[in-house]
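# Chain and residue survey
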Amino acid sequence: MKLPAIALIPRFPADTVPRAQNPLARPILPMDELPAHMRPERSFQGFILALQRFWAEQGCVILQPYDMEMGAGTFHPATTLRALGPRPWRAAYVQPSRRPKDGRYGENPNRMQHYYQYQVIMKPSPPDLQDLYLKSLAAIGLDSSLHDIRFVEDDWESPTLGAWGLGWECWCDGMEVSQFTYFQQVAGVECAPVAGELTYGLERLAMYVQGVDRVYDLNFNGREGADKVTYGDVFLQAEQEYSRHNFEYSDAEMLFKQFVMAEEACKKYLAAGWKNGGNQKEHLMALPAYDQCIKASHVFNLLDARGVISVTERASYIARVRDLAKACGEAWVHTEAGRAA
Amino acid sequence: MPDLLLELFSEEIPARMQAKAADDLRRMVTDKLVAEGLVYEGAKAFVTPRRLALTVHGIPARQPDLKTERKGPKIGAPDAAVQGFLKATGLKSLDEANIQRDPKGDFYIALIEKPGRATLDVLAELLPVIVRTFPWPKSMRWGERSAKPGALTWVRPLHSIIATFGIETEEPEVVKFAIDGIDAGQTTHGHRFMAPSAISVRRFDDYEAKLKAAKVVLDPQARKDIILADAKQLAFAQGFELVEDQVLLDEVSGLVEWPVVLMGSFDQEFLSIPGEVIRATIRNNQKCFVVSDPKTGKLTNKFILTANIEASDGGKAIIAGNERVIRARLSDAKFFYETDLKTKLEDRLPKFEQIIFHEKLGTQGERIKRIERLAAEIAPLVGADVEKTKRAAHLAKADLLTEVVGEFPELQGLMGKYYALAQGEDASVAAASEEHWKPQGPADRVPSDPVSIAVALADKIDTLVGFWAIDEKPTGSKDPYALRRAALGAIRLIVENTIRLPILKAAQSAIDGLPAKGAKYPAADVQKLPADLLSFFADRLKVQLRDQGARHDLVDAVFALGGQDDLLMVVRRVEALAKFLDTDDGKNLLAGTKRASNILSIEEKKDKRSFDGAPDAALYKLDEEKALAKAIDQVKSEAGSAVAKEDFAAAMRAMAKLRPAVDAFFDKVKVNDDEPKVRENRLKLLNEIRAATRAVADFSKIEG
């Protein structure tokens, strides 16, 4: 029997694929009947839903995207701030990620200024996190008896977040599909306990599973013919418009001001948030202050894309955002959710 | 005797750290065993992406017993001293102590026997210490225990430990210890995907065999052998040749436990990109090998990947996946290359005005101008066309701003050459983009095209003079700007191309071109700089000669003459001198000259004066004196004119003529004659020997 290039998860009695011997290849989800258009290899949304479902099964809270512009899922307070402090935390969510500099006016097959990351955070990192990750790949149709899945060294560091961790890029048949990190420090604070973070590049993975070479050709809704909606139908125009905006028309003067405003607001909220007049024991406004840090970071990315920040200034802007992030981390560990019970 | 088996099973260890980790494990365990008096027969360490393993065989089952004597207080010492002695030695009473007679009195002596402990117990104590202090370049915490201070750190989460100890014929014992909740035992796991179940092992032999059955090749060398042999075979089967790559092989073997070598291909159209770019793309980003066609010597549209599993479809999906990624990568590379071709190299130069080379040495743009000027000055000395040299220096660094070099920095220079050729530059000008970076090290090729030589020398001298001027010289092991390499490169360029370049003059010219003094440029002592730099060259030359097994002390003997800044002539002199000193004449003349120098320095000290000046022929009493004086005159003039003609071999042959006269002189003539005038005259004659030999070198600086 000729096997398809991508193994399908036998969730449908009609297309039973021989189950591999490897226990990881077994479907994790109950054998319910998913309609074809919802299967991960057929639609982008089905693909996301399969991940949501898988991580929900692992006890994660399934959050919705954070309602602010940010460069990566790591910026979501559910990761940055919740990674700090002793309390256990398990969450998973999709986060739209804005990288103004990566815009290509919709002309590059896989580079965009807006794309989706799927983010999983588990604190403390469970002993079987690698196995869970591999099972999640099986859940989206990547059979580890058919594909070459590898953990290749990748030390993660975010200068703007004052964060670092050790882990890997996860490769599937030579393609980087995820990042796997054990956070050691976030916002300048040691992680105790350590959280494990998984980040999936959703479009890239979905392209692989759907077998398309151009992101805009991804089937978004899993329908065919007139009902089919592609990724390009949803996002191509946005890529063109935002590339134009990010590189040519964004109002640099306003953005410079916004950066300073966000920076000042962040500091103001942090200073005002200490209970009982700043005895540095209990903080009541870490989250609103952190929003301003996210804001400053994104404004910086916009300015950077606009090419109005020189090489030397660049380092100092990054340091300013990092200082905000660190101060927010410090405040967070003095809040209800961030400190020891 | 019993053997130890140790395995530390973890999540994936970075490939680049594996070899050293195996070495460290072996060294740490065996050092500690020896320190505990446990001399072993042999040890070998292994590593895969998921495990560090060690076998130590032939360890004694127990430590040897240790007997020590401890001297106590004098007989009749105060009770406190006696009690202290008993407590320290563990004796129950003084009856158990011996008495030692001593001129100072009688002392109690305790004989302490420390029985050797069972090796199993020693291991249980030392292995956890090794795990906790293991020198990973970077290590991390993980899981629940990371909440507490003092949690175990490892390169990635550590999952299990095997530690067994015992003799071949018996069931070995588990070395009992636990680290952060991990109990040492005898269980491990096979291949992550193909044989993930638990495996119980007893000793190294069955450990290695069971792992193999569980799709794990423990020995990294064995994995390399498999990959290399299979890759060559796959290429050969299609009439091609593997482009071997040791560094890549080392890395790839550290990414798999069960290597499965597969071949894929890419679209022919990508072969329009330079082969080096294809290789860099496929190698750096995808960790795959490239393949060449032996008929053309060029790359083919094939690549070789190393998977970690025997896939159920024979690798079809894996190959297809890798092909897709490589296609995308090559599309990017092709796009970069074609984009680069649209901009002329000289049009990139204005950007260099914004890029700082070093805050005290100005921008890259300024540096390029300096190199242009210096290269133009050097050009006539190396037989290069001045205009071509200027053009070459003008364009040589421009490729640093291209997309391809931005993506693959190791292609700097080479891409410059391709782009220069594409825009119709002269072949020598284009070649200089690549060649002026050379030689990068002692093994690298030295350029021979005069244009490349001129630019390469200008580049290196500008670098050296610049960093000298701002006092950023190499110190000890620190040489962040690779200045030693630059100096050695300049030496090789000069010597291997037989170039006459006065270094002092070139250095002075380079200094003149540096940014103005002042706030921007707090120069070290510029007056001393050229001479200081010259002595750095002398040191590098010595190192190079020593590495080649040549006599490096001769370099000092030549530089001691002063004014020697023509490195080619220095080397020629050193070579001629080395040859001469290998002959009997040379050895004896050296001995004679040294003897003359020794006598002179003693007498100079005694008389507190030097014996310069010509000797008085009227004061010669003996034939040997006269003969020596005559020989010196003759040698002086012959050697002098030979040196003037740069014929150092002839100068040495002239020197050889001095030897019989010197020997005869020391044989027959007593230097310290009773008559002061004669003595003074003879000392002056000795001084003349020293002076005559200085025509070729300062013999006093020669060892031996």
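Residues numbered from 1 in each chain as written. Chains lettered and ligands numbered in written order. Predicted model: local features only at pLDDT ≥ 70, side-chain atom pairs only at ≥ 80, totals over all residues. Heavy atoms only, no water.

### Quick look at the overall build of chain B
Each helix and strand counted, chain B has 25 helices and 18 strands in total. Taking 2.2 N^0.38 as the reference for a compact globule, 704 residues should give roughly 27 Å; the C-alpha atoms of chain B span a radius of gyration of 37 Å, well beyond that estimate. In terms of principal-axis extent, the alpha carbons of chain B reach across some 100 × 100 × 55 Å. Classification of the 704 residues of chain B by burial places 53% in the buried group. Pairs at least 24 residues apart make up 69% of the contacts formed inside chain B by residues separated by at least 6 positions. In the form shown here, chain B has an accessible surface area of approximately 32100 Å², with 51% of it arising from carbon and sulfur atoms. Positive and negative charge centroids in chain B, built from 104 and 107 side chains respectively, lie 2 Å apart. (Helix = DSSP H or I, 4+ residues; strand = E, 2+ residues; numbered from the N terminus. Rg over C-alpha atoms; globule rule 2.2 N^0.38 Å. Buried < 20%, exposed > 50% of the residue type's maximum accessible area, 1.4 Å probe, protein only. Contact = heavy atoms within 4.5 Å. Areas by Shrake-Rupley, 256 points an atom, 1.4 Å probe, with all protein chains shown as cover. Lys, Arg positive; Asp, Glu negative; His and termini not counted. Charge placed at Lys NZ, Arg CZ, Asp CG, Glu CD.)

### Here's the deal with the nonpolar core
Formed by 240 residues in total, the largest nonpolar core has its most connected members in W55 and Y200 of chain A. Of the residues forming this core, the biggest block, 13 residues, is contributed by helix α15 (residues 450–469) of chain B. The residues contacting Y200 of chain A, other than those within four sequence positions of it, are L51, W55, Y116, Q117, Y118, V120, Y133, S136, L137, V177, S178 and L205 of chain A. Ranked by size, the runner-up nonpolar core spans 46 residues in total, among them L84, L255, A286 and A325 of chain A. (Core = buried A, V, L, I, M, F, W, Y, C linked by side-chain atoms within 4.5 Å.)

### Regarding the confidence of the model for chain B
Looking at chain B as a whole, the pLDDT averages 90, with 98% of positions reaching at least 70. Mean pLDDT across the secondary structure elements of chain B bottoms out at strand β17 (residues 356–358) of chain B, with 80, and peaks at helix α5 (residues 220–237) of chain B, with 98. (pLDDT = per-residue confidence, 0-100.)

### Concerning the sheet that holds strand β15 (residues 289–293) of chain B
Residues and elements named next belong to chain B. Spatially, β13-β15-β16-β14 is the arrangement adopted by the four strands of the open sheet, whose pairing is antiparallel. Edge positions in the open sheet fall to β13 (241–242) and β14 (260–265), since each of these has one partner strand only. Of the strands in this sheet, β13, β14, β15 and β16 (298–307) touch α5, which is tilted by about 35° from β14. Sheet strands touched by helix α8 (residues 316–341): β14 and β16. Its angle to β16, the strand with the most contacts, is close to 130°. (Pairing = 2+ DSSP bridges. Axes fitted to C-alpha atoms, helices over the stretch in contact; angles between N-to-C directions.)

### Let's talk about the packing of aromatic side chains
Inspection of the entire model under this criterion finds 33 aromatic pairs over all chains. Ring geometry for Y133 of chain A and F180 of chain A: centres 6.1 Å apart, planes at 80°, overall edge-to-face. Highlighted residues: Y133 of chain A in helix α3 (residues 129–139) and F180 of chain A in strand β7 (residues 175–186), separated in sequence by 47 residues. In this pair, the class of Y133 of chain A matches that of F180 of chain A, namely buried. With a centroid separation of 5.7 Å and 75° between ring planes, the pair formed by F665 of chain B and F666 of chain B is classed as edge-to-face. Across the pair, F666 of chain B and F665 of chain B agree in class, each one buried. Site record: aromatic cluster; members linked through ring pairs are Y118, Y133, F151, W168, F180, Y182 and Y200 of chain A. (Phe/Tyr/Trp six-rings, centres within 6.5 Å; stacked < 30°, edge-to-face > 60°.)

### As for the domain arrangement of chain A
Residue and element names in this part refer to chain A. Split by domain assignment, chain A resolves into domain 1 (21–245) and domain 2 (252–332). Just the C-alpha atoms count here: the centres of domain 1 and domain 2 sit 27 Å apart. Interface area, domain 1 with domain 2, both sides summed: about 1900 Å², of which 71% is carbon and sulfur. On the surface where domain 1 and domain 2 come into contact, there are one salt bridge. (Domains from an automatic or database assignment. Buried area = accessible area lost by both parts, 1.4 Å probe. Salt bridge = Lys/Arg side-chain N within 4 Å of Asp/Glu carboxyl O.)

### A short note on the confidence of the model for chain A
All names here are of chain A. For chain A, per-residue confidence averages 89 on the pLDDT scale, and 89% of positions sit at 70 or higher. Across chain A, the secondary-structure element scoring lowest on mean pLDDT is helix α7 (residues 275–278), at 75, and the one scoring highest is strand β1 (residues 61–62), at 98. Taken together, the stretch residues 1–28 has pLDDT below 50 and engages in 50 contacts with residues farther than four places along the chain or on a different chain.

### Considering the side chain of N219 of chain A
Residues and elements named next belong to chain A. Note that N219 resides in the loop between α4 (202–210) and α5 (231–249). A polar contact is formed between the side chain of N219 and the backbone nitrogen of G222, at a distance of 2.7 Å. Non-local contacts of N219, meaning those with residues more than four positions away in its chain, are made with R42, S43, F44, Q210, E224, K228 and V229. (Polar contact = N/O pair within 3.5 Å; in protein donor to acceptor, adjacent residues only side chain to side chain.)

### So, empty space enclosed by the protein
Tallied over the entire structure, the rule returns five cavities of 30 Å³ or more. As a volume, the largest cavity reaches approximately 120 Å³. As for the largest cavity, its lining consists of 14 residues, and the residues nearest its centre are R150 of chain A together with E12, P49, L255 and N308 of chain B. When the residues that make up the lining of the largest cavity are grouped by side-chain class, the tally is seven nonpolar, two polar and five charged. Considering only enclosed or pocket space, the second largest cavity measures out at about 100 Å³ in volume. Lining the second largest cavity are 13 residues; nearest its centre among them are R150 and W171 of chain A together with Q286, K287 and T306 of chain B. (1 Å grid on protein atoms, 1.4 Å probe; cavity = no way out; pocket = protein on both sides within 12 Å on 5 of 7 lines; lining within 4 Å. Points joined across faces, edges and corners; volume = space filled by probe spheres on them. Nonpolar A, V, L, I, M, F, W, Y, C, P; charged D, E, K, R; others polar.)

### Section: the interface of chain A and chain B
Interfaces are frequently sized by the accessible area removed from exposure as the parts join. Each partner contributes to the interface: chain A provides 42 residues, whereas chain B provides 40 residues. Buried surface at the junction of chain A and chain B, both sides included, amounts to about 3300 Å², of which 52% is carbon and sulfur. By the criterion of area lost to chain B, the three top residues of chain A are R150, E153 and L166 of chain A, representing 16% of everything that side buries. Across the pair E190 of chain A and R141 of chain B runs a salt bridge, and its minimum N-O distance is 3.3 Å. The tally of links from chain A across to chain B stands at 22 residue pairs in polar contact (both at pLDDT 80 or more). Those elements that provide at least two residues to the side of chain A that touches chain B are α3, β4 (149–153), β6 (163–172), β7 and α4 of chain A. Within the side of chain A that touches chain B, the residues separate by chemical class into 23 nonpolar, ten polar and nine charged.

### Considering the domain arrangement of chain B
Taken domain by domain, chain B consists of domain 1 (3–62 + 118–213), domain 2 (66–114), domain 3 (220–341), domain 4 (347–396 + 437–549) and domain 5 (576–701). On a C-alpha basis, the centres of domain 2 of chain B and domain 5 of chain B stand 73 Å from each other.

### Re unusual backbone geometry
Trans is the common state for peptide bonds, and a negative phi is the common state for residues other than glycine. At the junction of K123 of chain A and P124 of chain A, the peptide bond is cis and its omega measures out at -10° in the coordinates. Mapped onto the elements, P124 of chain A comes out in the loop between β3 (114–123) and α3. Following K438 of chain B, the chain continues to P439 of chain B via a peptide bond in cis, the omega torsion being -10°. Residue D471 of chain B is not a glycine yet carries a positive backbone phi of 60°. With respect to the helices, strands and loops of the structure, D471 of chain B is situated in the loop between α15 and α16 (483–496). Positive phi, close to 60°, is recorded for E646 of chain B, a residue that is not glycine. As for its placement among the helices and strands, E646 of chain B is situated in the loop between α22 (623–644) and α23 (648–656). The class of E646 of chain B is partly exposed, set by a relative accessible area of 36%.

### Focus: the pairing of β7 of chain A
Residues and elements named next belong to chain A. Across the twelve residues that make up β7, a large majority, ten, are buried. Relative to β7, β6 runs antiparallel, the two being bridged by nine bridges. Note on β7: the bridge partner recorded for W171 is E176. Turn length for the β6-β7 hairpin, with the two strands adjacent in sequence and antiparallel, is two residues, and the turn residue D173 shows positive phi of about 50°. Summarising the sheet, β7 and strand β8 (residues 189–190) pair through two bridges and their orientation is antiparallel. Note on β8: the bridge partner recorded for V186 is V189. Connecting β7 to the next strand, β8, in antiparallel fashion are two residues, including A187 with a positive phi near 50°.

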